[in-house]
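A look at the structure
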Amino acid sequence: MSPCHDTIVLETRKVGREIKKNGNTIRTVDDVSYTFNKGHIYNLIGPSGAGKSSLLRLLNRLDEPTEGEVRFFDKPLAFYPPTELRRKVSMLFQTPYLFAGTVRDNLHFCCCDLSDVKIGQLLTRVGLDASFADKDAEEISGGERQRVAIARALSLEPEVVLLDEPTASLDPSSSQTIEELILRLTEELCLTTIIVTHNPNQAIRLGGETLFLVKGRLVETGETAKVLKDPDTDLARKYINRELR
Amino acid sequence: MIETGYLQVLAAAALAALAIVLAKVKSIPVGREIGFGTVRSFVQLVAVGYALEFIFNTRSFWLVALSVIVMIVVGAYTAAGRARHFTGGFVIALVSITAGSLVTLGLMLALRIITPEARYIIPLAGMIISNTMNAGAVTFDRISSDLKDNRLAVETSLALGKTWRQASLRFYRNAVKAGMISILNFMKTVGIVALPGAMTGMILAGASPLDAVLIQVIVGYMLISSVTIASIIAGELAIRRFFNAAEQFVG
């Protein structure tokens, strides 16, 4: 293991979140404690409504926990100005949103002073040709959009990348490209990558650690191979068997 | 020159009756509304006519102020009805309409365009307040729908380290522009597509067309000023309701 794996980057301590919906109180995240190390991949897996995306949103303070705390480099998230925190803990959504204009305009969105050389490097890093910068962002495929969105996030040189089902709307070939990209970037840049997925096979391919959530609670955690191939709980076993079928 | 009296009003009511008949013939279900609106507008306007006569004759500053306050409160209440997905619409509308009205009327008084008399203040305040009310309502509506429809765009910006203001700037600008679009269109087409009400009224009342035009130009400038002020303030205050101090989208 390289030295980059030793540091704890993110930590949740008894984190919970309640929201009000149609007059009812719903607990989306419940008593989640976990540590996320530098240079690792973490899969958040579980059935719909398990709180995977809700937990992800707490990690870069797009939402606020109602209980517990999230820490980034051993300081509460509130210690950092939100804009600064989110440049270090970047988040990508299931449907990548690209702003009107060219791919170059989108890469300039975060850092206005990016040179053409740097833009070329960012695109190459996500497996796209440097000439891709001049393409209209509206006219590229779903997989390419996701890669441009990743390049845009990388322009901020983040410590952590949060990915909310990044391959959910992609075809198998594009999904595989994105998975390979995630693995490569995590390794090359020593990123901490936390990814929400419905797909146990994807989690197995990505490896790392897996957090299995049900109704906002952590039901099983550990090495992905162990959690997904030999789960301890019936809940996890049933879900994984169903999804793998 | 028209001799205006209740007899002429009664004769004009035949036009409303014609509208009711047409609606009935074509089975368009607005007959009751037209009938109710015809009676209601008559009662409201006659009542306002008597009230204005009374206010003009008493020359009381407080009565003028009270009239303007009532108009502002009713205007704010109406505009606030468009404040979907955020709270505090009434207060925001109240602030924006009041600012648009007072700044514009104050400047008109300071520049001696009008004198501080009820016969100027009340009708001009009425025009300003109705226009700022509409501008505020449109601004509210646009902000609410744009931010809701573009949640992903806003949150993508926030997630990439932008401030709430940066993330929502284009929606704020679009909403303010939408609030102003009616008066902007009016200024583009005034005199070509339609003769505005104030000018038409003056001409019908016997004023020279040139005098009526000059008054109308002043009214146009007054409205663009008040609507701009009100739209900017309404947009500025409304959009803040969608974000909190932690730069989170809470709309």
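In this report, the structure presented in the accompanying data block is examined. (Residues numbered from 1 in each chain as written. Chains lettered and ligands numbered in written order. Predicted model: local features only at pLDDT ≥ 70, side-chain atom pairs only at ≥ 80, totals over all residues. Heavy atoms only, no water.)

As for the overall build of chain B
Inclusion rule: Only runs of H or I of at least four residues qualify as helices and only runs of E of at least two qualify as strands under DSSP, and these elements are numbered from the N terminus. For every residue, the accessible area obtained with a 1.4 Å probe (protein chains only) is divided by the maximum for its type, and the residue is called buried under 20%, exposed over 50%, and partly exposed between those limits. Any two residues whose heavy atoms approach within 4.5 Å at even a single point are treated as in contact. Residue-level accessible areas treat just the shown protein chains as cover; the underlying method is Shrake-Rupley with a 1.4 Å probe. Residues counted as positive are Lys and Arg, residues counted as negative are Asp and Glu, and His and the chain ends are not counted. Note on charges: their place is set at NZ of Lys, CZ of Arg, CG of Asp or CD of Glu.
The helix and strand inventory of chain B stands at 9 helices and 0 strands. By its C-alpha atoms, chain B is 70 × 55 × 35 Å across when sized along the principal axes. Here chain B holds 251 residues, and 35% of them are scored as buried. Counting contacts in chain B only where the partners sit at least 6 residues apart, residues at least 24 apart contribute 71% of the total. Split by element, the accessible area of chain B, about 14,300 Å² in all, is 69% carbon and sulfur. Averaging the coordinates of the 20 positive side-chain charges in chain B and doing the same for the 11 negative ones gives two points 5 Å apart.

Quick look at the sheet that holds strand β3 (residues 41-45) of chain A
The pairing of strands in a sheet comes from backbone hydrogen bonds and takes either a parallel or an antiparallel form. All names here are of chain A. Put simply, the rule reads: Only when DSSP finds a minimum of two bridges between them are two strands counted as paired. Fitting a line to C-alpha atoms yields each axis, with helices limited to the stretch in contact; the angle taken between N-to-C directions then spans 0 to 180 degrees.
With respect to topology, 6 strands assemble into an open sheet ordered β6-β7-β8-β3-β9-β10, the strand pairing being mixed. The sheet is open, and its two edges are formed by β6 (89-92) and β10 (217-223), each paired on a single side. Sheet twist, expressed as the average angle between the axes of neighbouring strands with direction ignored, equals 15°. The pairing of β3 with strand β8 (residues 192-197) spans 5 bridges and is parallel. Looking at β8, one finds that Leu44 is bridged to Val196.

Here we look at the sheet that holds strand β2 (residues 24-37) of chain A
Taking strand neighbours across the sheet as the criterion, the 4 strands line up as β2-β1-β4-β5 (chain A) in an open arrangement whose pairing is antiparallel. Edge positions in the open sheet fall to β2 and β5 (75-76) of chain A, since each of these has one partner strand only.

Details of the layout of surface pockets
Residues and elements named next belong to chain B. Counted only if it meets this: Both site types are read off a 1 Å grid over the protein atoms alone. A 1.4 Å probe that fits but cannot get out defines a cavity, while an open set with protein on both sides within 12 Å along at least five of seven lines defines a pocket; lining residues have an atom within 4 Å of a point. Grid points are joined across faces, edges and corners, and a volume is the space filled by probe spheres set on the points. Only Asp, Glu, Lys and Arg are considered charged, only Ala, Val, Leu, Ile, Met, Phe, Trp, Tyr, Cys and Pro nonpolar, and every remaining residue, Gly among them, polar.
Taken as a whole, the largest pocket holds about 1,000 Å³ of empty space. Together, 29 residues line the largest pocket, and Leu45, Pro123, Gly197, Gly201 and Met202 are the ones closest to its centre. At the level of elements, α1 (6-25), α2 (31-58), α5 (118-149), α8 (197-204) and α9 (209-240) are the ones that each hand at least two residues to the lining of the largest pocket. Counted by class, the lining of the largest pocket contains 22 nonpolar, 5 polar and 2 charged residues. As for the second largest pocket, its lining consists of 20 residues, and the residues nearest its centre are Phe61, Val64, Pro116, Glu117 and Ile121. Those elements that provide at least two residues to the lining of the second largest pocket are α2, α3 (61-80), α4 (89-110) and α5. In terms of residues, the lining of the second largest pocket owes the most to one element, α3, which gives 6 residues. Of the residues in the lining of the second largest pocket, the class split is 14 nonpolar, 3 polar and 3 charged.

Describing the environment of Leu160 of chain B
Within the secondary structure, Leu160 of chain B sits in the loop between α6 (151-159) and α7 (164-189). Look at Leu160 of chain B and you get buried, because its relative accessible area is 3%. In this structure, Leu160 of chain B is in contact with Arg87, Phe109, Cys110, Arg152, Ala153 and Leu156 of chain A, ignoring residues within four places of it in sequence.

Brief notes about the interface of chain B and chain A
The following threshold applies: Buried area: the sum, over both parts, of the accessible surface (1.4 Å probe) that disappears when the two are put together. Salt bridges are defined as contacts in which a side-chain nitrogen from Lys or Arg sits within 4 Å of a carboxyl oxygen from Asp or Glu. Under this definition, polar contacts are N or O atom pairs within 3.5 Å; protein pairs additionally need one hydrogen-donor-capable and one acceptor-capable atom, and for neighbouring residues in sequence, both atoms have to be side-chain atoms.
Each partner contributes to the interface: chain B provides 16 residues, whereas chain A provides 22 residues. Per-residue buried area on chain B facing chain A is highest for Ala159, Leu160 and Gln248 of chain B; these three make up 34% of the total on that side. Counting across the chain B and chain A interface gives 1 salt bridge. For Glu155 of chain B, the salt bridge goes to Arg57 of chain A, with nearest N and O atoms at 2.6 Å. Our count for the contact surface shared by chain B and chain A stands at 7 residue pairs in polar contact (both at pLDDT 80 or more). Residue contributions to the side of chain B that touches chain A peak at 8 residues, all from α6 of chain B. In terms of residue class, the side of chain B that touches chain A is made up of 6 nonpolar, 5 polar and 5 charged.

A look at the nonpolar core
Here is the rule: Within this scheme, the nonpolar core is defined by two criteria: the residues are buried Ala, Val, Leu, Ile, Met, Phe, Trp, Tyr or Cys, and they are joined through side-chain atoms within 4.5 Å.
Counting 79 residues, the largest nonpolar core has Leu10, Phe72 and Ile194 of chain A together with Leu147 and Phe243 of chain B as its most contacted members. Considering each element in turn, this core owes the most residues, 13 residues, to α5 of chain B. Aside from chain neighbours lying at most four places away, what touches Ile194 of chain A is Leu10, Phe36, Tyr42, Leu44, Leu56, Leu59, Val160, Val161, Leu162 and Leu163 of chain A. Grouped together as the second largest cluster of nonpolar side chains are 37 residues, Leu122, Val126, Ala151 and Ile178 of chain A included.

A look at the pattern of salt bridges
Any two side chains of opposite charge can pair if their charged atoms end up close together. Residues and elements named next belong to chain A. Tallied over the entire structure, the rule returns 30 salt bridges over all chains. Across the pair Asp74 and Arg13 runs a salt bridge whose closest N-O atoms are separated by 4.0 Å. Taken together, the residues Asp74 in the loop between β4 (67-72) and β5 and Arg13 in strand β1 (residues 8-21) connect sequence positions 61 residues apart. One salt bridge in this structure joins Asp30 and Arg27, with 3.4 Å as the shortest N-O distance. Look at Asp30 and you get buried, because its relative accessible area is 16%. Given a relative accessible area of 30%, Arg27 falls into the partly exposed group.

Describing the side chain of Lys52 of chain A
Residues and elements named next belong to chain A. By the element assignment, Lys52 lies in helix α1 (residues 52-59). Lacking a salt bridge, the buried Lys52 has Glu165 as its closest oppositely charged neighbour, with an N-O distance of 5.4 Å. Looking at Lys52, its side chain comes within polar contact range of the main-chain oxygen of Gly46, at 2.9 Å. Beyond its immediate stretch of four places on either side in the chain, Lys52 contacts Leu44, Ile45, Gly46, Pro47, Val196, Thr197, His198 and Leu213.

Looking at the pairing of β3 of chain A
Residues and elements named next belong to chain A. Of all the 5 residues making up β3, 5 are buried; the element is thus mostly covered by neighbouring parts of the structure. Across 4 bridges, β3 lies against strand β9 (residues 209-214) in parallel orientation. Of the residues in β9, the one forming a bridge with Ile45 is Phe212.

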